[in-house]
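Now for the letters of each chain:
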Amino acid sequence: MNQKVLVFLLPNFVFGIFLFGFFCRRQKTLTDTFSNPTENWLAIQNGRKNTLASVCLKNNLNKPRSKLDSHVANQLFVEHKHKFIYCEVPKVGCSNWKRIIFLLQSDLNAEASEIEHDNIHHTSLIKRLVSYPPALQKEFLSNYTKVMFTRHPLERLVSAYRDKLLHSEPFYSTTIANEIRAMFRKNKNSPEKVSFQEFVNFIIAKPPHTLDIHWKPMFLLCDPCNIHYDIVGKYETLGLDSEHVLKVIGAPESLQYPSLKRYGSEKRTDGDITLEYLRQLTSEQIEKIKKLYEMDFFLFNYTTKYEDYFSQND
């Protein structure tokens, strides 16, 4: 090749290489900035699970057992077609997750809105892990996708109070309410509804492991230090997390997590409502309730500075 031609082409070639490298770096920067949403979600999941593992280790909560605790096994629902195990945490969208399990089992031969709240909680068609022998429990836990969802402990507590003590459910608004009245009122027959303060005093007076599942600490319900959940979802990111859960287990694309609510005319318990109730408590009650849910705060990375948290999230 002519020497003059080489002298002309070489600088242009070098400049071309420079431009190529520049645009590659630029593309990488743009890719990093607008990265794959799934990768972002997986990174968040890894962060949640790393926090869990770290707190479990630090607090010596890893206690391998030869047999799963029956109370925990009772909270785990099994769906075999999609090899899915869901840990029920009340007040964290569990009614709708049970609807999902029912629909998956029935090959979507119904609509979520057709499944009544009371029916989904009493049907024998969705199976609990506790109903299987220990060997099968172990097998399912090893091979199925395990999922649990959490919620800020104090918001969950307020939601439980509003749902169970302010409505006419025979067990809670009568049996539990009468027990609370007997503990804290001179006139135990007074008809006024149980106050939030009385409810909190009732809860902090009992050992945590004996509490009703609607306000029992979440880590005691699902034992995340000894059951290694594949997905740890949050009520605060319910839409995105549920979408990924359904994708991971291979659910039909037409199936979406429903947003059904039992008392549809009422506003969902949010940050503003939670703050309204928490401000009725004394500082001593607040500290005791924080202590009760201490491990939930640490394991699931929720702040105890609730005033700031709820103000920012509304």
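Position numbers for residues start from 1 in each chain and track the written sequence from start to end. Residue-level local features of this predicted model are given only where pLDDT is at least 70; pairs of side-chain atoms are given and counted only at 80 or more, and the full residue set underlies all totals for whole chains, interfaces and linings. Water and hydrogen atoms play no part in the side-chain values, which are based on all heavy atoms of the structure.

1. As for the pattern of salt bridges
Test applied: Salt bridge, as used here, is a side-chain nitrogen of Lys or Arg placed within 4 Å of a carboxyl oxygen of Asp or Glu. Relative accessibility thresholds used throughout: buried, under 20% of the residue-type maximum; exposed, over 50%; partly exposed, between the two (1.4 Å probe, protein chains only).
Tallied over the full model, the rule gives 16 salt bridges. Linking R151 and E155 is a salt bridge whose minimum nitrogen-to-oxygen distance equals 2.9 Å. Of the two residues, R151 and E155, neither departs from the other in class, the shared state being buried.

2. Considerations on helix α12 (residues 271–278)
Counted only if it meets this: Only DSSP runs of H or I with at least four residues qualify as helices, and only runs of E with at least two residues qualify as strands; both kinds are numbered from the N terminus onward. Throughout this description, a polar contact denotes any pair of N or O atoms lying within 3.5 Å of each other; where both atoms belong to protein, one of them has to be capable of donating a hydrogen while the other can accept it, and for residues adjacent in sequence the pair is counted only when both atoms sit in side chains.
Counted residue by residue, α12 has 6 buried out of 8 residues, so it is predominantly covered. For α12, the full list of buried residues reads G271, I273, T274, L275, Y277 and L278. Between the side-chain oxygen at the start of α12 and the backbone nitrogen of D272 there is a gap of 3.3 Å, and the oxygen is on D270.

3. Observations concerning the state of the cysteines
Keep this limit in mind: Pairs of cysteine sulfur atoms within 2.5 Å are identified as disulfides in what follows.
Taken as a whole and assessed by the stated rule, the structure comprises 2 disulfides. C87 shares a disulfide with C222; S-S distance 2.0 Å. In this structure, the disulfide formed by C87 and C222 twists by about -95 degrees around the S-S bond and is classed as left-handed. One end of the pair, C87, is in strand β2 (residues 84–87); the other, C222, is in helix α10 (residues 218–222), with 135 residues separating them in the sequence. Per residue, the accessibility class of C87 equals that of C222, and both read buried.

4. Points about the packing of aromatic side chains
The criterion, for reference: When two rings of Phe, Tyr or Trp (its six-membered ring) have centres within 6.5 Å they constitute a pair, described as stacked for plane angles under 30 degrees, edge-to-face for angles over 60, and tilted for the intermediate range.
As enumerated under the stated definition, the model contains 14 aromatic pairs in all. A ring pair is formed by Y161 and F196, whose centres lie 5.2 Å apart and whose planes are at 65 degrees; its orientation type is edge-to-face. Taken as a pair, Y161 in helix α7 (residues 153–165) and F196 in helix α9 (residues 196–204) lie far apart in primary sequence, 35 residues in all. Of the two residues, Y161 and F196, neither departs from the other in class, the shared state being buried. Note on Y161 and Y277: the rings are 5.6 Å apart at their centroids and 65 degrees apart in plane angle, and the pair reads as edge-to-face.

5. Concerning the nonpolar core
Heads up, the rule is: Within this scheme, the nonpolar core is defined by two criteria: the residues are buried Ala, Val, Leu, Ile, Met, Phe, Trp, Tyr or Cys, and they are joined through side-chain atoms within 4.5 Å. Contacts were defined at the residue level, with two residues in contact if any of their heavy atoms lie within 4.5 Å.
Residues L76, W97, F196, F199, I203, W215 and L299 are the most contacted members of the largest nonpolar core, which totals 85 residues. Residue contributions to this core peak at 7 residues, all from helix α4 (residues 94–105). Residues contacting F199, with those up to four places away along its chain left out, are L157, Y161, L165, I180, V194 and W215.

6. A look at the environment of N226
Residue placement: N226 occurs in the loop between α10 and β5 (231–234). A relative accessible area of 24% means that N226 is categorised as partly exposed. Spatially, the C-alpha atoms of N226 and N62 are 5.7 Å apart, while their sequence positions differ by 164 residues. Excluding its chain neighbours within four sequence positions, the residues that come into contact with N226 are L61, N62, K63, P64 and R65. There is a polar contact of 3.2 Å between the side chain of N226 and the backbone oxygen of L61. At 3.0 Å, the side chain of N226 forms a polar contact with the side chain of D223.

7. Things to note about α4
Rule in force here: Each helix should span, by expectation, one fewer than its residue count multiplied by 1.5 Å.
Helix length check: α4, at 12 residues, gives a terminal C-alpha distance of 17 Å against a target of 16 Å (1.5 Å per residue), a fit within 8%. Most of α4 sits inside the fold, with 11 of its 12 residues counted as buried. For α4, the full list of buried residues reads C94, S95, N96, W97, K98, R99, I100, I101, F102, L103 and L104. Two residues or fewer after α4 comes D107, characterised by a positive phi angle close to 55 degrees.

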